[in-house]
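A closer look at the structure
The chain contents come next:
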Amino acid sequence: MKTSDELLHIDVHVDQSEDRTSVLDLFKTLRPHWRPQDIRMKTFTEGITNQLLGCSVDESDCVLVRVYGQRTELFVDRQREMEMFRLLHAHGCGPRIYCSFRNGICYQFVPGDVLEDKLLFQPSIYRLIATEMARIHSIRPTGAQPPERLLWTKLSRLLTLLEDSSKSSTFSPQFPGLARLSAEAESLERHLSSLGSPTVLCHNDLLTKNIIHDRQQGRVRFIDYEYAEYNYQAFDIGNHFNEFAGVQDVDYSRYPSRSLQSDWLEAYLLSYKQCTGQDVSVTRDEVTRLYVQVCKFSLVSNFFWGLWAILQSHYSSIDFDFHRYAMARLNRYFEKKEEYFLME
């Protein structure tokens, strides 16, 4: 018998390549009052990890059905993802998760518009994003022990998966070899671990398609928490700044300017201090210190997603050029590494 604290699990496997039957089977349990013939389904195509389907009978209740991407369980902790959903929802920072099924989850639709890339440069919008990220970063861990930062563990996991995959298939010769990638990971850990960036609850994947803008309420909310975990503060921010370059057509000429970053970071620090009960004033030195940390952690963001994309090029069935994406992220990493390592 399921207790009130346990998440509902429906023993159904959803296959979107077939008809609606498997999806409708979910709603026999999740929304038994919905008549199958009345259920409308809309496929969202922006994601490059999973498949997403919106289901509703009217505007009052829309359920999102996320079908996990092929073999993504190799590098995404799905149990931890569901824990993050519930934690963030409890703090008013995320949608409600309704249930899990064999190869996915169902959760609440967040009203608003998926953010357009160009709006990242609009001060009124990027300050909202900075403020919301600070709210999430201020959520305290529930346990007595300080949370573990899993960045280096996850990076090591990606390298192991690449090594295992290379035994059964050949990756593009354009990608750096495993020995070079492993050496770069060690170099990053040595350099970044000593910077003193605080450990906070991070989204870790804040591209524009994971930001919902509610114009009526004048706020933004973040969605898709499959990579959410306690991590370095500067990683989450640097990762977001990398996303200014886009996903479908990565262009680092769109990377935010120093002045935009400084304004963004000031808004973030004001919100973070307010949320954590600190004196709400921000000095130029504080902004500069965080700016340097963010630049440095943007390196490991590019490196991480470069490795991730190499693996996706091997496993994913989603129609996306993972090879090109991997090259763009890794090229940026190598291009900026020396410059950012020398920053003080």
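Criteria and cut-off values
Residues numbered from 1 in each chain as written. Predicted model: local features only at pLDDT ≥ 70, side-chain atom pairs only at ≥ 80, totals over all residues. Heavy atoms only, no water. Pairing = 2+ DSSP bridges. Helix = DSSP H or I, 4+ residues; strand = E, 2+ residues; numbered from the N terminus. Contact = heavy atoms within 4.5 Å. Axes fitted to C-alpha atoms, helices over the stretch in contact; angles between N-to-C directions. Phe/Tyr/Trp six-rings, centres within 6.5 Å; stacked < 30°, edge-to-face > 60°. Lys NZ or Arg CZ within 6 Å of the ring centre and 35° of its normal. Buried < 20%, exposed > 50% of the residue type's maximum accessible area, 1.4 Å probe, protein only. Parallel < 35°, antiparallel > 145°, perpendicular 65-115°, else oblique. Left-handed = near helix turned anticlockwise from the far one by under 90°. Nonpolar A, V, L, I, M, F, W, Y, C, P; charged D, E, K, R; others polar.

A few points about the sheet that holds strand β9 (residues 211-214)
With antiparallel pairing, the 3 strands of this open sheet are ordered in space as β7-β9-β10. Where the open sheet ends on each side, the last strands, each with one partner, are β7 (113-114) and β10 (219-222). Two strands pair when backbone bridges link them, and β7 and β9 are joined in this way by 2 bridges, in the antiparallel orientation. The residue bridging Val114 from the neighbouring strand is Ile212, located in β9. Docked against the sheet, helix α3 (residues 123-137) engages β9 and β10, running at close to 50° with respect to β10.

A closer look at the packing of aromatic side chains
The description of an aromatic ring pair rests on the distance of the ring centres and on the angle between the ring planes. Enumeration according to the criterion identifies 18 aromatic pairs in this entry. Each member of the aromatic cluster is reached from another via a ring pair, and the members are Tyr227, Phe304, Trp305, Trp308, Phe320, Phe322 and Tyr325. In this structure, Arg31 is placed above the aromatic ring of Trp34, and the distance from its NZ or CZ to the ring centre is 5.8 Å. Positioned over the ring face of Tyr68 is Arg78, at 3.7 Å from the centre of the ring.

Details of unusual backbone geometry
At Asn204, a position not held by glycine, the phi torsion is positive, near 75°. Here Asn204 is to be found in the loop between β8 (199-202) and β9. Look at Asn204 and you get buried, because its relative accessible area is 6%.

Concerning the environment of Val247
Its location among the elements puts Val247 in the loop between α6 (233-242) and α7 (258-275). A residue is classified by how much of its surface remains accessible, and Val247, at 17% relative accessible area, is buried. Placed 39 residues apart in sequence, Val247 and Thr208 show a C-alpha to C-alpha distance of 9.2 Å.

A short note on the packing of α3 against α6
Relative orientation of the contacting elements α3 and α6 amounts to 150°, with a least axis distance of 11 Å. One finds that α3 runs roughly antiparallel with respect to α6. Between α3 and α6 lies a crossing whose hand is right-handed. Along its contact with α3, which presents Ile129, Met133 and His137, the element α6 presents Gln233, Asp236, Ile237 and His240. Split by residue class, the contact of α3 with α6 holds 3 nonpolar, 3 polar and 1 charged.

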